[in-house]
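Results of the structural survey
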2 protein chains.
Amino acid sequence: MKIVVDMMGADLGVLPIIEGVSKALANKAFEPILVGDAKKAKAFISKDLASKVEVIDCPDFIRMEEQATEALKRKEASIFVGMDILKNGADALVSAGHSGATMGLATLKLGRIKGVSRPALCTLMPSVGKRASLCLDVGANTDCKAEYLLDFAILGYEYAKSVLGYGNPTVGVLANGEEDSKGDSLTKEAFKLIHDYPLFANNPSIFKGNVEGNDIFINSVDVVVCDGFVGNIVLKTTEGVASAIGSIFKTTIKEHFSAKIGAFLLKEAFGTLKQKTDYAEYGGAPLLGVNKAVIISHGKSNARAIECAIYQAIRAKESGVAEKMAQAFSHKNAGVQSPPVS
Amino acid sequence: MKIVVDMMGADLGVLPIIEGVSKALANKAFEPILVGDAKKAKAFISKDLASKVEVIDCPDFIRMEEQATEALKRKEASIFVGMDILKNGADALVSAGHSGATMGLATLKLGRIKGVSRPALCTLMPSVGKRASLCLDVGANTDCKAEYLLDFAILGYEYAKSVLGYGNPTVGVLANGEEDSKGDSLTKEAFKLIHDYPLFANNPSIFKGNVEGNDIFINSVDVVVCDGFVGNIVLKTTEGVASAIGSIFKTTIKEHFSAKIGAFLLKEAFGTLKQKTDYAEYGGAPLLGVNKAVIISHGKSNARAIECAIYQAIRAKESGVAEKMAQAFSHKNAGVQSPPVS
């Protein structure tokens, strides 16, 4: 299995990307194709690793402060080159660079699965429930139509079932109250479309209606559907609360306990918490709805995050998610249950 | 100072409301007017307290599952009676009952401050910064126009300055990125209106542009402006993350420490955390933009939350916030900088 890894544009530079690839190789068999600055990369690639990876030299990349549209014409940029390699035969791509650029190029070069109005960025949220809920869209589409949200519901359901292996996954729409009457004009319309869509109408145990912000963390439903503007705010709010609580907690422990006991407490007590809430453990966010597996990693990704993102890419490919999604949408394409997308 | 307290419709019943009033009376001089089921209340009102409160008997109330519009015609309901008393001479009102009913009746009976397109529900968020950020709207208005968000910015700024006593309060728009180009179509338009509004245009240090979800908890700005749909989701997400972390943490401590040490740890380490994140300490959410002080408390309010909500009501009245807001909007009414609201 060939996995393209973009080495460029991440906040922490090339090193954690290469370390992540190396760690993943220790556990899984795959052929990494590293795109980016070969000279910079060389310093971090051991002899052993060099024999297992292919390096494509393209030092140019899209900077975080650049517009995503810039990527569509920058033929020498790492993500442009990488996406071409994916299109022309590789199996999956992982990038921690400019996410807008990756999403734009993926949609342009790989194309949308037939019937998908807009690809969506999908992320697993920390949970105290048995499963983690997945939330989409978390940033690919700022202004959405109800039709997009229906597609996100289908994409999320298929991903939960096929890639995450959830039995009987459930779906909800993120709203300002759980009653059916709640929602803004967008989610109210989406609620109806999802409710009436054959997959959900014929299996009424899947669609649970509206859910609230707190439902995300107790796994009230497996798939939480929202527009990318709201999803991004939910994601950042979650990070913000977790970080604020961590910081308050550390200060309190320092105030109440000796340095040694404090350090022990933090290590022990924060261990599980960190694991449960650390984005690194969740890998990256798959871009669902395009014709191949694309995983978008956090800009701040450490080696562990890249490693997990690669496992995710492998699982996505192995589970044949793109094919299963295409099949799910072929039902939609055959029917007339929703209006055409303008 | 006469403060109307609605005793009905809260999740925990009449008792914590009466206890909250009693606690507040121990610290502040005011005349409580308790509206609700006098028979139920009697059991909890001591002789001493009875001499300090007026009780208006009206056992009917709007149930959580009823529509807010129901309140507008239910003349015998506690919140209807209470709002009339506020309108006819009392100084402030506190309710932990049906929030939609309270907001609807406040707008109908007290009226909006001239120039305010929509009143907004405003809440203080926990913060690791020196000040807590206030967030509005968090639920009064589901579908918003950009014009409403401009008004929320003015209302929030005035509240931060006049009631919270913040020196040089700053304002931001909640968006999916901090760059000026970010936002959905609504917030992009609101960004321009706020940027160009004389109060902010003439004092460029106030308006900081877009902020992200995590900025709320580090007090990047004092006033975070959003529509009520997004605000509600942010609020519930915050509650959900805090609760999930608390639950993960408790489990971990139980696993790693003896019951005795565990209990001690939880008490010590959670003390500050609880205080910083406990909604009870923040009292309730003022409904800004109506002609008198209305504080909407959490349905789950305990006695401490009601006590703090009463202090908030007293501060709001003492600081003359309604008059100051009217003055702030008189500048708006005199100008022509924003289009009329349909």
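Residues numbered from 1 in each chain as written. Chains lettered and ligands numbered in written order. Predicted model: local features only at pLDDT ≥ 70, side-chain atom pairs only at ≥ 80, totals over all residues. Heavy atoms only, no water.

Going by the annotation in an unreviewed UniProt entry, the name recorded for chain A is Phosphate acyltransferase, with Helicobacter heilmannii given as the source organism. The record in UniProt for chain A states the following under Function (unreviewed entry): "Catalyzes the reversible formation of acyl-phosphate (acyl-PO(4)) from acyl-[acyl-carrier-protein] (acyl-ACP). This enzyme utilizes acyl-ACP as fatty acyl donor, but not acyl-CoA." According to the UniProt record, the Pathway (unreviewed entry) comment for chain A reads "Lipid metabolism; phospholipid metabolism." (UniProt positions renumbered as here; feature names shortened; annotations may be inferred.)

For the rest of this paragraph, the subject is the pairing of strand S5 (residues 120-124) of chain A. All names here are of chain A. The buried fraction of S5 amounts to four of the five residues, a majority that puts the element mostly inside the structure. Strand direction decides the pairing type here: S5 and strand S10 (residues 285-288), joined by two bridges, are antiparallel. Residue pairing across strands places Leu121 opposite Leu287, the latter belonging to S10. Taken together, the three bridges between S5 and strand S6 (residues 134-136) define a ladder with antiparallel strand orientation. Paired with Cys122 across the two strands is Leu136, which belongs to S6. (Buried < 20%, exposed > 50% of the residue type's maximum accessible area, 1.4 Å probe, protein only. Helix = DSSP H or I, 4+ residues; strand = E, 2+ residues; numbered from the N terminus. Pairing = 2+ DSSP bridges.)

Next up on the list: the domain arrangement of chain A. Residue and element names in this part refer to chain A. When the domains of chain A are assigned, the result is domain 1 (1-116 + 289-341) and domain 2 (118-287). Here the C-alpha centre of domain 2 lies 23 Å away from the C-alpha centre of domain 1. In this assembly, 35 residues from domain 1 lie in contact with 28 residues from domain 2. Both sides together, the interface formed by domain 1 and domain 2 hides about 2700 Å², and carbon and sulfur atoms give 64% of it. Counting every contact that joins domain 1 to domain 2 gives zero salt bridges. If you look at where domain 1 meets domain 2, you find four residue pairs in polar contact (both at pLDDT 80 or more). Put simply, the parts of the chain that give the side of domain 1 that touches domain 2 at least two residues each are helix H6 (99-110), strand S11 (293-296), helix H12 (303-318) and helix H13 (321-334). Here the residues of the side of domain 1 that touches domain 2 sort into 17 nonpolar, twelve polar and six charged. (Domains from an automatic or database assignment. Contact = heavy atoms within 4.5 Å. Buried area = accessible area lost by both parts, 1.4 Å probe. Salt bridge = Lys/Arg side-chain N within 4 Å of Asp/Glu carboxyl O. Polar contact = N/O pair within 3.5 Å; in protein donor to acceptor, adjacent residues only side chain to side chain. Nonpolar A, V, L, I, M, F, W, Y, C, P; charged D, E, K, R; others polar.)

We now examine the nonpolar core. Counting residues in hydrophobic clusters, the biggest one holds 84 residues, and the most contacted among them are Leu174 and Val294 of chain A together with Leu174 and Val294 of chain B. Apart from the residues lying within four places of it in its own chain, the contact partners of Val294 of chain A are Leu86, Leu93, Thr102, Ala106, Leu110, Ala285, Pro286 and Leu287 of chain A. (Core = buried A, V, L, I, M, F, W, Y, C linked by side-chain atoms within 4.5 Å.)

With that out of the way, let us pick up unusual backbone geometry. All names here are of chain A. The linkage connecting Leu136 with the following residue, Asp137, adopts the cis geometry, with an omega of 0°. For Asp137, the location among the structural elements is in the loop between S6 and helix H7 (146-162). At Asn168, a position not held by glycine, the phi torsion is positive, near 45°.

The next point concerns the pattern of salt bridges. Applying the stated criterion across every chain, the model contains 20 salt bridges over all chains. Where Lys52 of chain B meets Asp48 of chain B, a salt bridge forms, and the shortest distance between an N and an O atom there is 3.2 Å. The exposure class of Lys52 of chain B is partly exposed, given its relative accessible area of 43%. Among the salt bridges present, the one from Arg74 of chain B reaches Glu70 of chain B, with a minimum N-O distance of 3.1 Å. Relative accessible area serves as the criterion here: at 25%, Glu70 of chain B is assigned to the partly exposed category. Each member of the salt-bridge network shares a partner with another, and the members are Asp60, Arg63, Glu66, Glu70 and Arg74 of chain A.

It is worth spelling out the confidence of the model for chain A at this point. On average, chain A scores 91 in pLDDT, and the residues at 70 or more come to 93%. Below pLDDT 50 for its whole length, residues 336-342 of chain A participates in 13 contacts with residues either more than four positions away or in separate chains. (pLDDT = per-residue confidence, 0-100.)

All names here are of chain A. Here Ser319 shows up in the loop between H12 and H13. What makes Ser319 buried here is its relative accessible area of 14%. Within the structure, the side chain of Ser319 is placed 3.1 Å from the backbone oxygen of Ala316, a separation counted as a polar contact. Those residues in contact with Ser319 that lie beyond four places of it in its chain are Ser162, Val163 and Lys324.

This brings us to the interface of chain A and chain B. One frequently used descriptor of interface size is the decrease in accessible area upon assembly of the parts. Between chain A and chain B, the residue contacts involve 44 residues of the former and 44 residues of the latter. Summing both sides of the interface, chain A and chain B together bury roughly 4100 Å²; the carbon and sulfur share of this comes to 74%. Among the residues chain A hides against chain B, the three largest losses belong to Phe229, Ile248 and Phe249 of chain A. Together they make up 15% of the total. Salt-bridge contacts for Glu212 of chain A lead to Lys236 of chain B; the nearest nitrogen and oxygen are separated by 2.2 Å. On the surface where chain A and chain B come into contact, there are eight residue pairs in polar contact (both at pLDDT 80 or more). Counting only elements with at least two residues in the side of chain A that touches chain B, the list comes to helix H8 (185-196), helix H10 (228-256) and helix H11 (259-277) of chain A. Looking at which element gives the most residues to the side of chain A that touches chain B, the answer is H10 of chain A, with 19 residues. Its residues assigned to classes, the side of chain A that touches chain B comprises 21 nonpolar, 17 polar and six charged.

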